[in-house]
Amino acid sequence: MRLFFSFCFFFMIIFSATAYDPLDPNGNITIKWDIMSWTADGYVATVTMNNFQMYRHIQTPGWTLGWAWAKKEVIWSMVGAQTTEQGDCSKFKGNVPHCCKKTPTVVDLLPGVPYNQQFANCCKGGVVGAWGQDPSSAVSQFQVSVGLAGTTNKTVKVPKNFTLLGPGLGYTCGPAKIVPSTVFLTTDKRRKTQALMTWNVTCTYSQFLARKHPSCCVSFSSFYNDTITPCPSCACGCENKKSCVKADSKILTMKGLNTPRKDNAPLLQCTHHMCPVRVHWHVKTNYKDYWRVKIAITNFNYRMNHTLWTLAIQHPNLNNVTQVFSFDYKSVAPYGSINDTGMFYGTKFYNDLLMEAGPSGNVQSEVLLQKDQKTFTFKQGWAFPRKVYFNGDECMLPPPDSYPFLPNSARRNFDSLSTLSLTILLLLFISIW
């Protein structure tokens, strides 16, 4: 029994450590329900999904939200979203509800739906931006009319067992908590109104739950060493090794190759690392007061492109970024005074879309950084990142002993000194004779 509890405690420690993101400790997705009005048998609510994660967004095919009703509620109608199944509504005569399932599953509407089906911040196919990238796109909303529910604050029961796919696994949602009603400001900003009742649901992300292997890897190179440090072998697992496609394969000319499958199964280019995405960090140039780095992101998945991609990097010299040439950049300071983390992302309408694997499946930029003469060095791999995240998932770094190190100048100096000493001894020997 003691061994069993020790194992459980150890597992909880590992799970908690993996779910916690040290570079975004307060990141979460908050789902807020605001009851705006009462109806004859229920209420009309506005549901708002806010993504407070700095560099993790929800990309296509978008979010999927689910829950379980506490009583026998039904959904009469929805605006800005829809359930994936109607369920058994055979007991209703006349007006038939939109959904009668005990556990409804809701998805966002696609762009271009009729105007009378739209709601504020809806209809983006479930795509939600990262808060650090663009707060205005980090929100999604819909309206739901609920029946067979309570019609007062005391008789309404909050839903339970919330689930969120974004778009895959990884999110865990806590219970709904009743909070002070949301206050709204009218358009003329002269009057405040408030919801009749409000509850919040907080969902957090764990890479441990999302997948058993990393989804990206990192490689290094530098101007001062001919060694290129590749991604570790099978960095992202080698389960897809048998189904991968070589870069010169004739299969790549087939029509429909880039069409995503319903199960989101990847079609990867054959590589030794077998990762869908590789980030390459190249130390390019050294100046007197500055140094320059080139960052390249390559997509090896023929069935997926990445919209609104983000790249978060931790490096001590990111506290003094002078210029980023082809990406947008924002400093991420999760601990206030420690400013060693930055987020790179594509410039809108220019390179914010990382295309699927192929000739166009890469984006790159150079970064100019100002040196701090007290800390700057090329020794011991200092010039390379400590952590790298692509789309919010941590990438696998090469082992530190494989980094491109500076040539051993101390060794050369020792050899020169030894040669000089031998020469002097030889001259002394000759002079004595």
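Refer to the preceding data block for the structure.
Remember, predicted model here, so these are calculated numbers, not experimental data.

Would you mind showing me how to read the overall build of the protein here?
Within the protein, the secondary structure is distributed over 3 helices and 26 strands. Within the span of the protein, comprising 433 residues, buried residues form 43% of the whole. Pairs at least 24 residues apart make up 72% of the contacts formed inside the protein by residues separated by at least 6 positions. With the model as given, the accessible surface of the protein reaches about 23,500 Å², and the carbon-plus-sulfur share is 58%.

Is there a simple way to explain the state of the cysteines in this structure?
By definition, a disulfide is the covalent link that joins the sulfur atoms of two cysteine residues. For the structure shown, the criterion picks out 8 disulfides. A disulfide bridge connects C234 with C238, and the sulfur atoms are separated by 1.8 Å. Its S-S torsion of approximately -90° makes the covalent link between C234 and C238 left-handed. A relative accessible area of 37% means that C234 is categorised as partly exposed. Just so you know, C99 is unpaired, no disulfide at all, and the nearest cysteine sulfur is the one on C100, 6.6 Å from it. Accessibility expressed as a relative area gives 1% for C99, which makes it buried.

Hey, could you run me through the layout of surface pockets in this one?
One water molecule sets the probe size; rolling that probe over the atoms shows where empty space is left. A volume near 940 Å³ is recorded for the largest pocket. Considering the residues around the largest pocket, the lining is formed by 35 residues, among which R211, S215, N264, M304 and D393 are closest to the centre. Both domains that furnish three or more residues to the lining of the largest pocket are identified here as domain 1 (28-209) and domain 2 (211-249 + 266-402).

Would you mind going over the pairing of strand β15 (residues 225-229) with me for this structure?
On any regular strand, side chains alternate: one points to one face of the sheet, the next to the other face. Pairing of strand β14 (residues 216-222) with β15, which is carried by 2 bridges, proceeds in the antiparallel orientation. Among the inter-strand pairings, S222 is bridged to a residue of β15, identified as N225. In textbook terms, the turn of a hairpin is the stretch between consecutive antiparallel strands, and for β14 and β15 this stretch comprises 2 residues.

Sorry, what's going on with the packing of aromatic side chains here?
By convention here, two paired aromatic rings are described through the distance between centres and the angle between planes. Summed over the entire model, instances satisfying the criterion amount to 25 aromatic pairs. On the numbers, 6.1 Å between centres and 25° between planes, the contact of W63 with F142 is stacked. Highlighted residues: W63 in the loop between β2 (43-51) and β3 (64-68) and F142 in strand β7 (residues 139-147), separated in sequence by 79 residues. The exposure class assigned to W63 is buried, which follows from its relative accessible area of 2%. Pairwise contacts between aromatic rings join W33, Y43, W67, W69, F162 and W199 into one cluster.

Parameters and conventions
- Residues numbered from 1 in each chain as written.
- Predicted model: local features only at pLDDT ≥ 70, side-chain atom pairs only at ≥ 80, totals over all residues.
- Heavy atoms only, no water.
- Helix = DSSP H or I, 4+ residues; strand = E, 2+ residues; numbered from the N terminus.
- Buried < 20%, exposed > 50% of the residue type's maximum accessible area, 1.4 Å probe, protein only.
- Contact = heavy atoms within 4.5 Å.
- Areas by Shrake-Rupley, 256 points an atom, 1.4 Å probe, with all protein chains shown as cover.
- Disulfide = S-S within 2.5 Å.
- 1 Å grid on protein atoms, 1.4 Å probe; cavity = no way out; pocket = protein on both sides within 12 Å on 5 of 7 lines; lining within 4 Å.
- Points joined across faces, edges and corners; volume = space filled by probe spheres on them.
- Domains from an automatic or database assignment.
- Pairing = 2+ DSSP bridges.
- Phe/Tyr/Trp six-rings, centres within 6.5 Å; stacked < 30°, edge-to-face > 60°.

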